[in-house]
Amino acid sequence: MELLTIGTFAKASRLSPKALRLYDELGLLTPARVDPVTGYRLYAPEQLDQARLVAWLRRLGMPLARIQQVCTLEAGPAAEEIRAFWAQVEVDTAARRDLATFLIDHLSWKDPAMSPTAKPLGIRYAALSDTGLVRESNQDTAYAGSRLLAVADGFGSGGAPASTAAVDALKSLETDSIPVGNLLNVLEDAIDQAKQAVHGVSGLGPSSEDAGTTLTAMLWTGSQLALVHIGDSRVYLLRDGELFQITHDHTMVQSMVDEGRLSPEEAASHPQRSLLIRALGQGADSTPDMRLHDAQQGDRYLLCSDGLSTVVSTEEIHRVLSDISEPEQAVRELIALANGSGGPDNVSCVVADVTELQQ
């Protein structure tokens, strides 16, 4: 068998000699023979398929450690691993796209109040939290005010104080005057304060490492709602009769759905469907999703903990939000539906309607 020099092999595999030397050092692509005198690397022709696969995976942006794992697999499992990797890339790209959209909207936005034809808008709202029928205590916190709407779902031994601390840290947004050009920085600072507040209270308990909370909040700016979201509480928007979920669950199961490893139907009954991959807590990834929503008269927003969304169908949520006009009555009906389905968890709801201000 005639071996190929590193130069010839590099040209045939479309990998540089420098890359081949690196992959040899990492044990990813070991030469068939190394000359004991010159140290010159020689490769077998049958190694070209693996080298080309490495080159293609590098073009995908796959990390070397994961490429090494793929190269140890048979064709079928290797294809599944590549599919899962690319699905995660698309999720990460979508998250960056949302942030880019936020920045573009934030920097290019013009206050409609400047227009003499713009109708001044406000919100009317209601919030309610309930222990449910199974849990001994309520670790949820729900809040609604003239500017701030928030739901936090605590977990662990210090879940209740953690969720309360997270929401309390945002309440300064109710009274602070926020310049339009400073909105993004204000939201980022508020999340940092919430994170510190959660760490402060969870660190006091005997089992602080397992304590934390989700946090989903919206800040009313007068014509827009700025969303910050960490965890698996949700926001739904009812607009023109259609219901949209405008948050993405930060759970292990949802990431498996995103990667194509689970169907949505399988995810709904998965035993680990509540396992979070983002939250406010010790050692947790607390990176928030952030988004701006231009408000329209007649919009209705629902913020809820998973005590509602996991036991009450989207169709029933849609029906209540469409049929019941008063926010207070709507939140009571939604919680009654959750408890009517067994009330296995704490349940919290905030309903806010965008309305024209009476002058």
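Model, not experiment: these values are computed from the prediction.

Asks: Would you take a moment to explain the packing of aromatic side chains for this structure?
Replies: Each aromatic ring pair is characterised by the separation of its centres together with the angle its planes make. Summed over the entire model, instances satisfying the criterion amount to one aromatic pair. With a centroid separation of 4.3 Å and an interplanar angle of 10°, the aromatic rings of F9 and Y43 are classed as stacked. Taken together, the residues F9 in helix α1 (residues 6-13) and Y43 in strand β3 (residues 41-43) connect sequence positions 34 residues apart. Both residues of the pair, F9 and Y43, belong to the buried class.

Asks: Any chance you could explain the sheet that holds strand β2 (residues 33-34) here in plain terms?
Replies: Where strands meet in a sheet, backbone hydrogen bonds hold them as pairs that are either parallel or antiparallel. Reading across from one edge, β1-β3-β2 is the order of the three strands in this open sheet, with antiparallel pairing throughout. Each edge of the open sheet carries a strand with a single partner, namely β1 (4-5) and β2. Here two bridges tie β1 to β3, and the two strands are oriented antiparallel to one another. Each residue of the ladder has a partner; that of T5, found in β3, is L42.

Asks: Help me understand the pairing of strand β10 (residues 234-239) in this model?
Replies: Taking burial as the measure, the six residues of β10 include six buried ones, the bulk of the element. Across the two faces of β10 the burial is the same, with R234, Y236 and L238 and V235, L237 and R239 all buried. Pairing between β10 and strand β14 (residues 300-304): five bridges, direction antiparallel. Bridging across to β14, R234 finds its partner in C304.

Asks: Mind showing me how you'd approach the pairing of β14 here?
Replies: Note on strand geometry: in a regular strand, side chains alternate between the two faces of the sheet. Across the five residues that make up β14, a large majority, five, are buried. Every second residue of β14 is oriented toward a common face, with R300, L302 and C304 on one face and Y301 and L303 on the other, all of them buried. The sheet contact formed by β14 and strand β15 (residues 347-356) spans five bridges and is antiparallel. Bridge assignment links L302 to a residue of β15, and that residue is V351.

Asks: Looking at this structure, I do not really get the sheet that holds β15. What am I missing?
Replies: As summarised here, the arrangement of the five strands in space is β4-β15-β14-β10-β11, forming an open sheet in which the pairing is antiparallel. In this open sheet, the two edge strands, each paired with only one partner strand, are β4 (121-130) and β11 (242-245). The mean inter-strand angle of the sheet, taken between neighbouring strand axes irrespective of direction, is 20°. The strands touched by helix α11 (residues 314-323) are β10, β11, β14 and β15; relative to β11, the strand with the most contacts, the crossing angle is about 125°.

Asks: Where do I start with the nonpolar core in this structure?
Replies: One recurring pattern in soluble globular proteins is that nonpolar side chains are buried together. Formed by 26 residues in total, the largest nonpolar core has its most connected members in L170, L187, A194, L215 and L280. At the level of secondary structure, the elements contributing two or more residues to this core comprise β6 (148-155), α6 (159-170), α7 (183-202), β8 (215-220), β9 (224-230) and β13 (289-294). In terms of residues, this core owes the most to one element, α7, which gives eight residues. Those residues within four positions of A194 in sequence are excluded, and the remaining contacts are A166, A169, L170, L215 and L280.

How each quantity is defined
- For every chain, the first residue of its written sequence is number 1, and the numbers climb from 1 along that sequence.
- Totals for whole chains, interfaces and linings use all residues, but because this is a predicted model, local features are given only for residues with pLDDT of at least 70 and pairs of side-chain atoms are given and counted only at 80 or more.
- Side-chain metrics rest on all non-hydrogen atoms present in the structure, leaving aside hydrogens and water.
- The criterion for an aromatic pair is that two Phe, Tyr or Trp rings (for Trp, the six-membered ring) have centres within 6.5 Å, with stacked assigned to planes under 30 degrees apart, edge-to-face to planes over 60 apart and tilted to the rest.
- Labels follow the DSSP assignment, with helices taken as runs of H or I lasting at least four residues and strands as runs of E lasting at least two, numbered in each case from the N terminus.
- For the exposure calls, accessible area comes from a 1.4 Å probe over protein chains only, and a residue counts as buried if that area is under 20% of its type's maximum, exposed if over 50%, partly exposed in between.
- Pairing between strands is defined by DSSP: at least two bridges between the two strands are required.
- Note on definitions: angles span 0 to 180 degrees between N-to-C directions of axes, and those axes are lines fitted to C-alpha atoms, for helices only across the stretch in contact.
- Contacts were defined at the residue level, with two residues in contact if any of their heavy atoms lie within 4.5 Å.
- Here, the term nonpolar core denotes a set of buried Ala, Val, Leu, Ile, Met, Phe, Trp, Tyr and Cys residues that are joined through side-chain atoms within 4.5 Å.

Treat this as a map of the structure, not an account of what it does.
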